[in-house]
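Secondary and tertiary structure notes
One letter stands for each residue in the lines below.
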Amino acid sequence: MNESEGSRLDLLRFLERVQERDLARTRAWIQTEEQRQAEIAARRPSPPPPDWVVEQGIGVGHQVVAVHQGWCRMAGRRVRPVPRDEALRLVAEDTGRACQQCRPDTGLGVL
């Protein structure tokens, strides 16, 4: 083995050590940034629930199953927020659609 081959190999190993150190430093920066973003997200308050939601059934038409106040825990997973006038219309059309737990009809002023 001549001297130039040995020194070339030494240079490549040196380069590898430098790149490994740089990669470790970059990974530490990434971890620090992920922690910072998680802390910011934890401090950010969650958005308030909508005033009114409709629970939709399964199927093509997504038929309205019930109208709920936004905070109601009885609402299923298939809900979408609606404005007050649409919630009022849905409750007025069919009083059976009003949730019996959160009573959106009372909240909307429908007797």
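Up top is the structure these notes are about.
These notes cover the structure that comes with them. (Residues numbered from 1 in each chain as written. Predicted model: local features only at pLDDT ≥ 70, side-chain atom pairs only at ≥ 80, totals over all residues. Heavy atoms only, no water.)

1. What to know about the overall build of the chain
Stated precisely, the cut-off is as follows: A helix here means a DSSP run of H or I that spans at least four residues, while a strand means a run of E at least two residues long, and both kinds are numbered starting from the N terminus. Radius of gyration: over C-alpha atoms. The globule rule applied is 2.2 Å multiplied by the number of residues raised to the 0.38 power. The buried label applies to any residue whose accessible area, calculated with a 1.4 Å probe on protein chains only, is under 20% of its type's maximum; exposed applies above 50%, and partly exposed to all values in between. Note on contacts: a residue pair is in contact if any heavy atoms of the two residues lie within 4.5 Å. Per-residue and other accessible areas were derived by the Shrake-Rupley procedure at a 1.4 Å probe size, with only the shown protein chains allowed to occlude residues. Counted charges follow a simple rule, with Lys and Arg positive, Asp and Glu negative, and His plus the chain ends left uncounted. Positions of charges follow a simple convention, taking NZ of Lys, CZ of Arg, CG of Asp or CD of Glu.
In terms of regular secondary structure, the chain is built from three helices and three strands. Listed N to C, the secondary structure of the chain is α-β-β-β-α-α in terms of helices and strands. Its C-alpha atoms give the chain a radius of gyration of 30 Å, clearly above 13 Å, the size a compact globule of 111 residues would have. Across the 111 residues of the chain, 24% fall into the buried class. In the chain, once contacts between residues fewer than 6 apart in sequence are set aside, the share between residues at least 24 apart is 46%. Surface exposure of the chain reaches about 8,900 Å², of which carbon and sulfur atoms provide 54%. For the chain, the centre of its 17 positive side-chain charges and the centre of its 16 negative side-chain charges are spaced 4 Å apart.

2. Brief notes about helix H2 (residues 84-93)
Here is the rule we go by: Arc definition: directions from the helix axis to the C-beta atoms.
Turning to H2, its buried residues are Glu-86, Ala-87, Leu-90 and Val-91. End-on, the buried residues of H2 take up no more than an arc of 130 degrees, which puts them together on one face. Exposed residues lying more than 90 degrees from the buried face of H2 are Asp-85, Ala-92 and Glu-93. Those residues of H2 that are buried lie in contact with strand S1 (52-56), strand S2 (64-69), strand S3 (79-82) and helix H3 (104-108).

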